[in-house]
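Structural overview for review
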Amino acid sequence: HYRADPITTGIYTPILSTAIHEQEVIHGGTKKLGETVRDVINRNKWLDPKVCWIFTADATSMVGDDIVAVAREVEGETGVNVIALDTPAFSGGYNLGANLVYAALIDRFADKEVKKDNSINIIGPVLSGSRNWSQDFLEIRDLLEAAGVKINTVLTYRTNVEDLKDFAKAKANY
């Protein structure tokens, strides 16, 4: 798995797999997926999770399991937001996957009816291609603040669900 949120920055997001086998590829894996997502949420209740993601890989995308239905079912049972995205590697690279995640976050959590202010949103600093992106972002933030530019939201460097509600307030996205 690719880790875009290094533990050294103080951020850790566990990535778990359903570990499908031939049986699930042939007969479908929605039952196993639902059990895995429920288990992940229940084992992490102490963290008060706000969002649980379901991503597909090549094989699970080709099987065609209804991951959105599983997400809705588990979300209804647990009260935790479960967002499912079809993300096989053959449909595009890392940047496409990041764009899907950002769009899903905004669609789910941003309040579209807020009044605009003179701030900006910074989207995807991890996509800069720099191995030092987290430090680069901190320098960019300092420069913008010194120039009097207010940063509204950063997708998704240390961003929580509550930060996303005001996403639409920004005058521009960068």
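All of these numbers come straight from a predicted model, not from anything done at the bench.

**Description of the sheet that holds strand β3 (residues 119-123)**
- On the basis of which strands lie adjacent, the open sheet formed by three strands has the order β4-β3-β5 and parallel pairing. Each having just a single partner strand, β4 (150-155) and β5 (172-173) make up the two edges of the open sheet.
- Across five bridges, the pairing between β3 and β4 is parallel. Looking at the pairing, I122 lines up with V154 of β4.

**A few points about the confidence of the model for the protein**
- For the protein, the average pLDDT comes to 85, and 91% of its residues sit at 70 or higher.
- Scored below 50 in pLDDT, residues 1-8 makes 15 contacts in the model with residues more than four places away or belonging to other chains.

**Regarding the environment of L144**
- Mapping L144 onto the fold places it in helix α6 (residues 133-146).
- As a C-alpha pair, L144 and I120 span 24 residues in sequence and 9.9 Å in three-dimensional space.
- With sequence-adjacent residues up to four places away left out, L144 is seen in contact with I120, I122, V149 and I151.

**Topic: the pattern of salt bridges**
- Applying the stated criterion across every chain, the model contains nine salt bridges.
- E73 serves as the salt-bridge partner of R38, at 2.5 Å between the closest nitrogen and oxygen. Linking R38 in helix α2 (residues 30-43) with E73 in helix α4 (residues 67-78), this pair joins segments that are 35 residues apart in sequence.
- Between D117 and K169 there is a salt bridge, with the nearest N and O atoms lying 4.0 Å from each other. Of this pair, D117 sits in the loop between α5 (94-109) and β3 while K169 sits in the loop between α7 (161-164) and β5; the two residues are 52 residues apart in sequence, bridging distant segments of the chain.

**Comments concerning the nonpolar core**
- Counting 22 residues, the largest nonpolar core has L105, F109, I122, V154 and L155 as the members making the most contacts within it.
- Among the secondary structure elements, those contributing two or more residues to this core are β2 (81-85), α5, β3, α6, β4 and α7.
- Leaving out residues up to four positions away in the same chain, V154 has contacts with I122, P125, F137 and T159.
- Ranked by size, the runner-up nonpolar core spans 12 residues in total, among them V70, A71, V80 and A84.

**Details of the side chain of T56**
- Along the chain, T56 falls in the loop between β1 (51-55) and α3 (58-63).
- In this structure the side chain of T56 is engaged in a polar contact, spanning 2.7 Å, whose partner is the side chain of S61.
- Sequence-distant contacts of T56, that is, excluding residues within four places in its chain, are made with S61, I67, L85, D86, T87 and P88.

**Side note on the packing of α2 against α4**
- Viewed as axis vectors pointing N to C, α2 and α4 meet at an angle of 35 degrees, and their least axial separation amounts to 10 Å. Where α2 crosses over α4, the handedness of that crossing is right-handed. Between α2 and α4, the residues in contact are T30, L33, G34, V37, R38 and I41 and I67, V70, E73, V74, E77 and T78, respectively.
- Split by residue class, the contact of α2 with α4 holds six nonpolar, three polar and three charged.

**Quick look at unusual backbone geometry**
- With a phi angle near 55 degrees, A19 is a residue other than glycine that sits in the positive phi range.
- Located in the positive-phi region is D48, a residue other than glycine, with phi close to 55 degrees.
- Secondary-structure assignment places D48 in the loop between α2 and β1.
- Judged by its relative accessible area of 48%, D48 is partly exposed.

Calculation criteria
- Residues numbered from 1 in each chain as written.
- Predicted model: local features only at pLDDT ≥ 70, side-chain atom pairs only at ≥ 80, totals over all residues.
- Heavy atoms only, no water.
- Pairing = 2+ DSSP bridges.
- Helix = DSSP H or I, 4+ residues; strand = E, 2+ residues; numbered from the N terminus.
- pLDDT = per-residue confidence, 0-100.
- Contact = heavy atoms within 4.5 Å.
- Salt bridge = Lys/Arg side-chain N within 4 Å of Asp/Glu carboxyl O.
- Core = buried A, V, L, I, M, F, W, Y, C linked by side-chain atoms within 4.5 Å.
- Buried < 20%, exposed > 50% of the residue type's maximum accessible area, 1.4 Å probe, protein only.
- Polar contact = N/O pair within 3.5 Å; in protein donor to acceptor, adjacent residues only side chain to side chain.
- Axes fitted to C-alpha atoms, helices over the stretch in contact; angles between N-to-C directions.
- Left-handed = near helix turned anticlockwise from the far one by under 90°.
- Nonpolar A, V, L, I, M, F, W, Y, C, P; charged D, E, K, R; others polar.

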